[in-house]
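Structural overview for review
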Amino acid sequence: MTEKPEPIGNRTGAKNQGANDTPPPMAAPEDVYIKSIESFDNKIERIYNTLYLWALLLAGRRQGTFVQDSDRKMAMTAQVLKPEEYFITEEPYYEPLGKEIEVFEAAYQNQLPVLLKGPTGCGKTRFMEHMAWRLKRPLITVSCHDDLTASDLVGRFLISGGETVWVDGPLARAVRSGGICYLDEVVEARKDTTVVIHPLADDRRVLPMEKLGELLEAGPEFCMAISYNPGYQSVLKDLKQSTRQRFVALEFDYPGAELEAKIVASEGAIEPELAGQLVKFAHMTRNLKGSGLEEGASTRLLVHAAKLVKSGVQPVVACRASIAQALTDDDEMLVAVNELSASVF
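Residues numbered from 1 in each chain as written. Predicted model: local features only at pLDDT ≥ 70, side-chain atom pairs only at ≥ 80, totals over all residues. Heavy atoms only, no water.

**Side note on unusual backbone geometry**
As a reminder of what qualifies: Under the scheme used here, helices are H or I runs from DSSP no shorter than 4 residues and strands are E runs no shorter than 2 residues, and both carry numbers assigned from the N terminus.
For R205, which is not glycine, the phi dihedral falls at a positive 50°. Among the structural elements, R205 can be located in the loop between α7 (191-194) and β7 (206-209). At A269, a residue that is not glycine, the phi angle is positive and equals roughly 55°. Within the secondary structure, A269 is located in the loop between α9 (257-268) and α10 (272-286).

Next comes the structure, spelled out in structure tokens:
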């Protein structure tokens, strides 16, 4: 007579579980994702260290010597770029839209991090360059992307000339030199990467460097700044409240017509009348946002068109190349945008 299989709930591992016991709470999907990424990074780090030790062992055997731990530690020297390489020596052209310069300087004096938000090409990066020049601090800019890791920001060990060399990442360089670290489009980075900036963006103002076993303290000159475009946010790419609420926020937008024409005329070295026509065309394209275009023409694109016109390109051709083609690939929308430029010039 064959035995009946034991029910799953009574098998080994579940026999001691009481009838009233509740299962442990499941981790949030975001926590599981972050932990899996960290676990993967740790595995890669262990593989790297193992390969490095084998390389040292083989090198020692070839030379008839073995590398001691003390020799390995001596080889771990830091490579830090000079902060003067990041100084902006000439004043960047910037026209203030409001009180953003005053607010940023007050935040800097109180060692508060700053968040810039606004559409693409409205002057956020130029504003940061201008403030770095005004404050006379080095500016280290990082363009965030999906593959940006914590090691890319903090630093990593590299093998150079048979030696292990520690190379600071841009965030660590900014902290050491008392500079401004600017993370552009921070929502493009992975969430487990942006968590690295949290200790620098609150009262602690420290950067944990786990691979070195150090805690790097930021001096009073250091400033943390990030930016993002609210129009590009989604469920998967959003700035968490735990990050947002650490920053003083400055909102940017395209300037008014008169001020924008002044900026385009100055940056593109063209006549004010022509700059006004470009701004008029830009406003037409911005009215199409959500009706075929994801974004209208930015101030940056207007400056590009102005420079082409200054070099002898016809305004309609310049608008087609530097604005219409940059905004969309849809054939019908290209025809519509080109007709708008033809109606202005």
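**Points about the sheet that holds strand β9 (residues 223-228)**
What counts is decided by this rule: DSSP-based pairing: two strands are paired if at least 2 bridges between them are found. Axis definition: a line fitted to C-alpha atoms, over the contacting stretch in the case of helices. Angles run 0 to 180 degrees between N-to-C directions. Contacts are assigned to residue pairs with any non-hydrogen atoms lying within 4.5 Å of each other.
Spatially, β3-β6-β9-β2-β10 is the arrangement adopted by the five strands of the open sheet, whose pairing is parallel. Since the sheet does not close on itself, it has two edges, and those belong to β3 (139-143) and β10 (248-251), each with one partner. Each neighbouring strand pair of the sheet contributes to a mean axis angle of 20°, computed without reference to strand direction. Across four bridges, strand β2 (residues 114-117) lies against β9 in parallel orientation. By the bridge assignment for β9, L115 is matched with I226. Sheet strands in contact with helix α4 (residues 124-135) are β2, β3, β6 (180-184), β9 and β10, and its direction is about 180° off that of β6.

**Structural notes on the packing of aromatic side chains**
For clarity, the cut-off: Only Phe, Tyr and Trp rings take part, Trp by its six-membered ring, and two of them pair if their centres are within 6.5 Å. Stacked means planes under 30 degrees apart, edge-to-face means over 60, and tilted covers everything else. Throughout this description, buried means an accessible area under 20% of the type-specific maximum (1.4 Å probe, protein chains only), exposed means over 50%, and partly exposed covers the range between.
For the coordinates displayed, the defined rule picks out four aromatic pairs. When the centroid spacing of 5.5 Å and the interplanar angle of 55° are considered together, the rings of Y94 and F127 count as tilted. Of this pair, Y94 sits in the loop between β1 (77-79) and α3 (100-109) while F127 sits in helix α4, and the two are 33 residues apart along the sequence. No difference in accessibility class separates Y94 from F127, as the two residues are buried. Considering the side-chain rings of F157 and W166, the 5.0 Å spacing of their centres and the 70° angle between planes classify their relative orientation as edge-to-face. For W166, a relative accessible area of 3% puts it in the buried group. Each residue in the set Y94, F104, F127 and F252 is aromatic and connected to the rest through ring pairs, giving one cluster.

**Quick word on helix α13 (residues 331-344)**
The test is simple: How far a helix is expected to stretch is found by multiplying one less than its residue total by 1.5 Å. Two N or O atoms form a polar contact when they lie within 3.5 Å of each other; inside protein one atom must be a possible hydrogen donor and the other a possible acceptor, and for residues adjacent in sequence the pair counts only when both atoms belong to side chains.
For α13, with 14 residues, the first-to-last C-alpha span of 20 Å sits near the 20 Å given by 1.5 Å per residue. Lining the buried residues of α13 we find α10 and α12 (315-327). Looking at where α13 begins, the residue whose side-chain oxygen comes 3.2 Å from the main-chain nitrogen of E332 is D330.

**Observations concerning the pattern of salt bridges**
Let me state the cut-off plainly: Salt bridge, as used here, is a side-chain nitrogen of Lys or Arg placed within 4 Å of a carboxyl oxygen of Asp or Glu.
Applying the stated criterion to the full structure yields 11 salt bridges. Notably, a salt bridge pairs R126 with E129, separated by 3.6 Å at the nearest N-O pair. In this pair, R126 and E129 both sit in helix α4, three residues apart, roughly one turn of the helix. Note that R190 is salt-bridged to D192, the shortest N-O span being 3.1 Å.

**Quick word on the environment of P119**
Note on placement: P119 falls in the loop between β2 and α4. Given a relative accessible area of 12%, P119 falls into the buried group. In this structure the C-alpha to C-alpha distance between P119 and Y254, which are 135 residues apart in sequence, comes to 7.8 Å. In contact with P119, not counting residues within four places along its chain, are K124, N229, F252, D253, Y254 and E295.

**Focus: the pairing of β2**
Examined bridge by bridge, β2 and β10 share four bridges and lie parallel to one another. Looking across to β10, one finds that L115 is bridged to A249.

**Things to note about the confidence of the model for the chain**
Low-pLDDT portions of the prediction should not be read for the details of their coordinates. Applied cut-off: pLDDT: the predictor's confidence for each residue, scored from 0 to 100.
In the predicted model, the chain carries a mean pLDDT of 83, and 74% of its residues have values of at least 70. Across residues 6-19, where pLDDT falls below 50, the model places four contacts with residues more than four positions away in sequence or in other chains. pLDDT under 50 marks residues 56-80. Its contacts with residues more than four places away, or in other chains, come to 24 contacts.

**Things to note about the nonpolar core**
This is how the line gets drawn: Within this scheme, the nonpolar core is defined by two criteria: the residues are buried Ala, Val, Leu, Ile, Met, Phe, Trp, Tyr or Cys, and they are joined through side-chain atoms within 4.5 Å.
Counting residues in hydrophobic clusters, the biggest one holds 33 residues, and the most contacted among them are L171, L183, L207, F222, M224 and I226. Looking at this core, the elements with two or more residues in it are β3, α5 (150-154), α6 (170-177), β6, β7 and β9. Counting residues per element, this core draws most heavily on α6, which supplies four residues. Those residues in contact with L171 that lie beyond four places of it in its chain are L153, C181, V196, I197, L200, L207, F222 and M224.

**Topic: a negative patch on the surface**
Heads up, the condition is: A patch consists of residues whose relative accessible area exceeds 30% and which take part in no salt bridge; residues with like charges are grouped when within 9 Å of each other, and nonpolar side chains (Val, Leu, Ile, Met, Phe, Trp, Tyr) when within 5 Å. Methods summary: accessible areas were calculated by the Shrake-Rupley approach with a probe of 1.4 Å, and residue burial reflects only the protein chains presented. In this tally, Asp and Glu contribute negative charge and Lys and Arg positive charge; neither His nor the terminal groups of the chain are included. Where a charge lies is defined by one atom per residue type: Lys uses NZ, Arg uses CZ, Asp uses CG and Glu uses CD.
There is a patch of like negative charges on the surface, built from D329, D330, D331 and E332. Tracing the sequence through the fold places D331 in helix α13. For D331, a relative accessible area of 59% gives the class exposed.

**As for the state of the cysteines**
Note the threshold: Two cysteine sulfurs form what is called a disulfide whenever their separation falls within 2.5 Å.
Tallying each qualifying case throughout the model produces zero disulfides. Here C144 is not disulfide-linked; the sulfur of C181 is the nearest cysteine sulfur, at 8.6 Å. Relative accessible area serves as the criterion here: at 9%, C144 is assigned to the buried category.

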